[in-house]
Amino acid sequence: MRFGIIIELYGEKTYGEKGKSGMKRRYVSGIQSDESVSSRELAHRTLSRDAAGESIVLLENDGLLPLKPGKIALYGSGAISTIKGGTGSGEVNERYSVNIADGMSNAGFIITSQDWLEEYKSELAKAMEAHDRYCFEAVRKSGNLHALMDVTNLPFIYPIGREITEEDVRKSDTDTAVYVIARQAGESGDKKLESGDYDLSPEEIGCLRFLSEHYPKTILVINSGSSMDLTPLESIRLSAVIFFCQQGEEGGNALGDILCGKVNPSGKLTDTWARSYDDIPFGGEFSYLNGDLDHEYYREGIYVGYRYFDSFHVKPRYAFGHGLSYTRFEMWLDSIRFEKSVVHVSVTVRNIGQYAGKEVVQLYLSCPSGRQVREYQMLTAFSKTSLLEPGSEETIELTFDLADCAAFDTDSASKVLEQGSYILRLGDSSDKTSPAAVISLPKDVTVWKGQNLCGPQLVFEELRGKKIDHPDPGDVPHFVISPESFAAVCPDYPAPERLNDPDVLEILKKLTVKDLLELCVGYGFIGMFTGKKILAPGTVGRTTDRLYHKGLVNVNLSDGPAGLRLMKRVAFKWGLVRMGDYLMSFMKYFPRWLKKIIMADPERDKFGYQYCTAFPVETSMAQTWNTELCKRVGKAIAEEMNEYNVTYWLAPAMNIHRNPLCGRNFEYYSEDPLLTGKIAAAVVSGVQSEPGTYATIKHFACNNAEDNRNFSDSILSERALREIYLKGFEICVREAHPKAVMSSYNKVNGVYAPNNYGLLTDILRNEWGFDGIVMTDWNSTNDGKAEDRLTFPSGNDLIMPGGSKSRWTIWKALIFRRLSREDLRISASRIIRQILDSNVAKKYPPEMFR
């Protein structure tokens, strides 16, 4: 049941000045008036649980797992305060969330450490109260609302809990204990290289040591969005270690399924876990660590993650792609066939263990080093099997284009495959690969010839590897591929033009300069609390609602990427949309006068409801290595977008896990560009399978740290840029055709991303064929950041969240001819096309509001 197809918030108030039009101002919404759980919610809960179950990674197991449900002791901060996701734009306001304690109980375990858990709840409440007081005081002293966003740099540190005693052990009456470590991170700040964040705290180490000495069986569960330093555990006996990551609203149930064996773990790491932070190349220069937040030098070049560890023979704690199962598999190469430069590899996987399970087949390629020194190996294809019963097998086909494995040569601005032997390696993690075949190329082949477009302006020293000699593996199939199998691609770089679309041009000719500014400069958070014609309360932005009379509805933009972030309880009063709950966690620190305006009164106001699903975070989704499952999640999100009138989902986020301290790693997929691109493409395909729902891939590009992100300059070679940091975006654009891209806050080699013509036009549009819109990240222009007037000629079409300052700046640029109207019209034409094709334009044509 709805709040009615048409909601009349303003009664008899009219457009413009009172009495001129005599028409009512009308609004539409997908808000539910009935709070009962819908069939859609139930279906998406099941999907979220399935995704979480496939993404949890079993790091170590001495044979203890799976467990038969029974008595079990549960300790640690994450047992009760299980973290489902990070803070900032990645937050989701779901109806409910299952913590680990409840999930284990639901799985049939009897938790016998209730006294410790109850005391922890009291300690947690006190700690949260103290944190709130600190944040309120910080905002009060600053005297301005801008300090509210700085509060996100002060993440709440969950208390460890009191010391576990022998009395706790005695009362628990069990030989098995689970200890859950929890870590929170989020937008606007990077993680700290200190105890209690990236490192284990002394208290946690002490608890784990005590548990291992007093319980014969001890399981560690890591509830964190990224890797940690686990060095102290080397001297502590543990029966099993599980990387739970952050699993959305059904995470607790998913872990219960894993522990009892209802689900066999099949998640695989998407990052290399270093034994020590010192093992990470140039880790001491990341973000704040070297004291220079204005310049971020990517000195490691292409050697990110396993590319470094494998090439420089540094042994990790857990390798990229690692993940154990309760069963065992064997795999072998069946055949290889070629279609010009495309390689089809057939692999059979057999379950040789005692439990049904799924396996991920990982195919790597070792390329010969000539003029370009190559990494030891690179992931080139992967696939996950279906659920295999013991003794059963499945044959899968892995496909890749050898041309996509070429190295970028800066001197010639080309991508080159050098002559020599290309060794295919098959395995289930990067440290367990074996040669499966050799493909020989008799001479160098240039597969692509373009331009150097985003090279560094500053000179810096980049890590160079040594040439790696790969001995011939001998008794494996050998093939020769002809240089004629490759067709050289030479992109053109034409200047942008407005869309030659009759419907678009018909509307475009009606638009004045003021209309163009309205269209190309959006509305954001504050506008969310004022009247709009198509409502989706809680969306972080929208396009203008002032052009209905010219044929354009407004469309709404919602944050992601773990689901939609909307207000879950909504009330209407005084012509305003009022929140029943805080949309984002930092809003609790708003001053009282503002809360009275934007917050509903639970005693007096009538609520409507928008309950969205909190899916696992992006790192978790990538750990499934299951593109079909990720596509299903994308489609589920599109269904919620349609239900609540959201057109643009500001996700997926695709930045590379360059360093484990990045505050938003949970919101990104992997250290590997191919895995990032393929998972993102699957999600985008799912989202856009529903007509008129659009995915927005972000943050383009090199937003790999959060501290000082608005002013930091990411300085890197064009080779590293293209092979590592842009490659995932390129895969997603070419395979899934996302409708939108969000430019990042930072500079890329001295040029702010929203003003970077080489990045947004030459590479994105001319080289990759992107035909959608580009929008800024929120508040990334003005005040010493990117320039508004340069966004449109650079290829950035929509400024978000816009505002009068941006409109005035652009107006002046037009008057003084520092910006052409044609640049504005080109951007407007792209936006018009997408509004006309949007889900809401089909449901609510402009004429229904006249």
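Before any of the text, the structure's been laid out above.
Here the residue numbers are simple positions, counted from 1 along each chain's written sequence. It should be noted that, the model being predicted, local features are given only for residues of pLDDT at least 70 and side-chain atom pairs only at 80 or more, the latter also being counted only at that level, while totals for whole chains, interfaces and linings use all residues. As a rule here, side-chain values cover all heavy atoms of the structure and leave hydrogens and water aside.

### Digging into the overall build of the chain
The test is simple: Going along the chain from the N terminus, every DSSP run of H or I of four or more residues is numbered as a helix, and every run of E of two or more is numbered as a strand. Put simply, the radius of gyration uses C-alpha atoms, and a globule should come to 2.2 Å times the residue count raised to 0.38. Pairs of residues are marked as contacts when any of their non-hydrogen atoms sit within 4.5 Å. The protein chains shown are the only cover counted for residues, whose accessible areas, like all others here, come from Shrake-Rupley with a 1.4 Å probe. Charge counting treats Lys and Arg as positive and Asp and Glu as negative, with His and both chain ends excluded. Where a charge sits is defined by one atom per residue type, namely NZ (Lys), CZ (Arg), CG (Asp) or CD (Glu).
For the chain, the count of helices and strands is 22 helices and 32 strands. By the compact-globule yardstick of 29 Å for 850 residues, the chain fits well, its C-alpha radius of gyration being 27 Å. When contacts within the chain are restricted to residue pairs at least 6 apart in sequence, long-range pairs at least 24 apart make up 78% of them. As presented, the chain carries roughly 31,500 Å² of accessible surface, and 50% of it is formed by carbon and sulfur atoms. Within the chain, one finds 100 positive and 113 negative side-chain charges whose respective centroids are separated by 8 Å.

### Considerations on the pairing of strand β10 (residues 342-351)
Note the threshold: Burial classification: accessible surface area is computed with a 1.4 Å probe over protein chains only, and a residue below 20% of its type maximum counts as buried, one above 50% as exposed, and the rest as partly exposed. Think of it this way: DSSP has to see at least two bridges between two strands before they count as a pair.
The buried fraction of β10 amounts to eight of the ten residues, a majority that puts the element mostly inside the structure. Where strand β9 (residues 329-339) and β10 come together, ten bridges link them in antiparallel fashion. Residue pairing in the sheet places S335 in a bridge with S346 of β10. Here β9 folds back onto β10, and the loop between the two strands holds two residues, one of which, K340, carries a positive phi near 55 degrees. Pairing analysis gives nine bridges linking β10 to strand β13 (residues 393-401), with the strands arranged antiparallel. Residue pairing across strands places S346 opposite E397, the latter belonging to β13.

### Some words on the nonpolar core
Selection rule: Among the buried residues, those of types Ala, Val, Leu, Ile, Met, Phe, Trp, Tyr and Cys that are joined through side-chain atoms within 4.5 Å form a nonpolar core.
V345, L379, L402, L424, F486, F700 and Y725 are the most contacted members of the largest nonpolar core, which totals 118 residues. In terms of residue count, the dominant contributor to this core is helix α15 (residues 673-687) (nine residues). Setting aside its immediate chain neighbours within four residues, L379 contacts Y306, F320, Q362, L363, Y364, W625, D672, L674 and L675. Formed by 65 residues, the second largest nonpolar core is a distinct cluster that contains L58, Y179, Y215 and L269.

### A few points about the packing of helix α1 (residues 39-55) against helix α8 (residues 251-260)
Relative placement of two packed helices is described by the angle separating their axes and the distance separating the axes. As a reminder of what qualifies: Fitting a line to C-alpha atoms yields each axis, with helices limited to the stretch in contact; the angle taken between N-to-C directions then spans 0 to 180 degrees. Oblique is the label for every angle not falling under 35 degrees (roughly parallel), over 145 degrees (roughly antiparallel), or within 65 to 115 degrees (roughly perpendicular). The hand of a helix crossing depends on one turn: near helix anticlockwise from the far one by less than a right angle means left-handed, and clockwise means right-handed. Polar here means any residue other than Ala, Val, Leu, Ile, Met, Phe, Trp, Tyr, Cys and Pro, which are nonpolar, and Asp, Glu, Lys and Arg, which are charged; Gly is therefore polar.
Following both chains from N to C, one finds α1 and α8 inclined at 50 degrees, their axes separated by 8 Å at the closest point. Regarding the angle of α1 to α8, the classification is oblique. The chirality of how α1 crosses α8 is right-handed. Taken together, the residues of α8 that come into contact with α1 (itself represented by R49, A52 and G53) are N253, A254, D257 and I258. Its residues assigned to classes, the contact of α1 with α8 shows three nonpolar, two polar and two charged.

### Some points on the pattern of salt bridges
Here is the rule we go by: By definition here, a salt bridge exists when the distance from a side-chain nitrogen of Lys or Arg to a carboxyl oxygen of Asp or Glu is within 4 Å.
For the structure on display, the rule yields 61 salt bridges. R498 is paired through a salt bridge with E822; the nearest N and O atoms lie 2.5 Å apart. With a gap of 324 residues between them, R498 in the loop between β19 (478-480) and α10 (502-508) and E822 in helix α21 (residues 821-836) connect regions that are remote in the sequence. The exposure class of R498 is partly exposed, given its relative accessible area of 32%. For E822, a relative accessible area of 30% gives the class partly exposed. D783 serves as the salt-bridge partner of K805, at 2.7 Å between the closest nitrogen and oxygen. Note that K805 is positioned in helix α20 (residues 804-815) and D783 in the loop between β32 (773-775) and α19 (788-794), a separation of 22 residues in sequence. Shared partners join several salt bridges into a network, and the residues in it are E187, R664, E667, K698, E706 and R709.

### A word on the side chain of T385
Structurally, T385 can be placed in the loop between β12 (378-384) and β13. Classification of T385 by relative accessible area gives buried; the value is 3%. Leaving out residues up to four positions away in the same chain, T385 has contacts with V349, K358, E359 and E394.

### Focus: helix α18 (residues 757-767)
For clarity, the cut-off: What qualifies as a polar contact is a pair of N or O atoms within 3.5 Å, subject to a donor-acceptor requirement within protein and to the restriction that residues adjacent in sequence count only when both atoms come from side chains.
In terms of residue burial, α18 counts as a mostly covered element, since ten of its eleven residues are buried. Every buried residue of α18 is listed here: G758, L759, L760, T761, D762, I763, L764, R765, N766 and E767. For α18, the side-chain oxygen to backbone nitrogen distance between the N-cap and G758 is 3.3 Å, and the N-cap itself is N756. Of the residues one or two after α18, G769 is the one with positive phi, at around 85 degrees.

### Quick word on a nonpolar patch on the surface
We apply this condition: Residues enter patches when their relative accessible area tops 30% and they take part in no salt bridge; the joining distance is 9 Å for like charges and 5 Å for the nonpolar side chains Val, Leu, Ile, Met, Phe, Trp and Tyr.
There is a patch of nonpolar side chains on the surface, built from W808, W811, I815 and F816 and spanning about 480 Å² of accessible area. You can see W808 is positioned in helix α20.

### Notes on the environment of L508
Position of L508 among the secondary structure elements: in helix α10. In this structure, the C-alpha to C-alpha distance between L508 and I832, residues 324 residues apart in sequence, is 8.0 Å. Residues in contact with L508, not counting those within four places in the same chain, are R498, L516, R825, A828, S829 and I832.

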